[in-house]
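# Tertiary structure, described
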Amino acid sequence: MLSLCQHGYEALLERELAEAGLAVTEKGPGWGLGGSDLGRDESPAGTLPPDKIGALAFPHLTLLAPREFKGESVNALAGQLAEYFLESLRGERITAAWPCVFQTVPEVVGLGRRASGVEKAFDELLRKKLARIAKLATPELPRGAGAARGLFVFFADFGRVFAARDAWLGGQRRMADDDAAPSRSYLKVEEAYIVLGSEPAAGETVVDLGAAPGGWSYSAA
């Protein structure tokens, strides 16, 4: 399994995985790859049971049984991902929106542009093969925490990609700054809404006790 965390917390992620019974065989900025099992449970090598994955604090997203792909060009990577995804669809029926998420480490300059290029090329290939399924794809992670199925792609480098059909959402997200907000405290409640999977809706009444300067009220409004 491949666990993604906030950049700078790799050592804490590694220690947490070790305490759960999984060794990290490789790590990079914002990620750690689980390898040999430490023998504390009955799970196969390189995995943890769902209850242990759900108890982890540092992983934002965990790719389960990831496949590694390497390529020097956008088209080479997109082609491999499309082949992997199409092969994995055999016997599976997709009738609703499904997550097709491409992620990188934001701190690596230029990696986001590479990921965007591969994502666009992958989408074009998928539309040629399975237009109906391509139209149901959404680039956002599902709200809330827990198991999810779709296509989850992580760029460890410009020519190295990990992909998985199944993932575990930790609930934590990078929240975008809003210059109009009265304070940065709104980021806390926005992330909490995602973890809970719900948020204030139109017509509801929200009471923000002790609102000063009112970041949570701003978010609700």
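About the cut-offs
Residues numbered from 1 in each chain as written. Predicted model: local features only at pLDDT ≥ 70, side-chain atom pairs only at ≥ 80, totals over all residues. Heavy atoms only, no water. Helix = DSSP H or I, 4+ residues; strand = E, 2+ residues; numbered from the N terminus. Expected span 1.5 Å × (residues − 1). Buried < 20%, exposed > 50% of the residue type's maximum accessible area, 1.4 Å probe, protein only. Arc of directions from axis to C-beta. Contact = heavy atoms within 4.5 Å. Core = buried A, V, L, I, M, F, W, Y, C linked by side-chain atoms within 4.5 Å. Salt bridge = Lys/Arg side-chain N within 4 Å of Asp/Glu carboxyl O.

### Here's the deal with helix H4 (residues 111-129)
Taking 1.5 Å of rise per residue, the 19 residues of H4 would be expected to cover 27 Å, and the 27 Å separating its terminal C-alpha atoms lies within 8% of that figure. Considered for burial, the residues of H4 that qualify are Leu111, Arg114, Ala115, Val118, Ala121, Phe122 and Leu126. Each buried residue of H4 lies within a common arc of 140° when the element is viewed along its axis, so the set occupies one face. More than 90 degrees from the buried face of H4, the exposed residues found are Arg113, Lys120 and Lys128. Tucked into the core, H4 has its buried residues touching helix H3 (74-88), strand S6 (98-103), helix H5 (131-135) and strand S8 (146-157).

### Topic: the nonpolar core
Formed by 25 residues in total, the largest nonpolar core has its most connected members in Leu81, Phe122, Leu151 and Phe155. Elements with a minimum of two residues in this core: H3, S6, H4, H5, S8 and strand S9 (160-169). Not counting residues within four places of it along the chain, the set of residues in contact with Leu151 comprises Tyr84, Phe85, Trp98, Pro99, Cys100, Val101, Phe122, Ala163, Ala164 and Arg165. Formed by 17 residues, the second largest nonpolar core is a distinct cluster that contains Leu4, Leu63, Leu141 and Leu169.

### A short note on the pattern of salt bridges
Under the defined criterion, the tally for this structure stands at 11 salt bridges. Measuring nitrogen to oxygen at the nearest pair gives 2.6 Å for the salt bridge that ties Glu14 to Lys27. Of this pair, Glu14 sits in helix H1 (residues 10-20) while Lys27 sits in strand S2 (residues 22-28), and the two are 13 residues apart along the sequence. Notably, a salt bridge pairs Glu68 with Arg160, separated by 2.6 Å at the nearest N-O pair. Placement of the pair is Glu68 in strand S5 (residues 67-70) and Arg160 in strand S9, with a sequence separation of 92 residues. Glu68 gets classed as partly exposed once you look at its relative accessible area, which sits at 35%. By relative accessible area, Arg160 is classed as buried at 17%.

In short, the description is geometric, and any link to function would need to be established separately.
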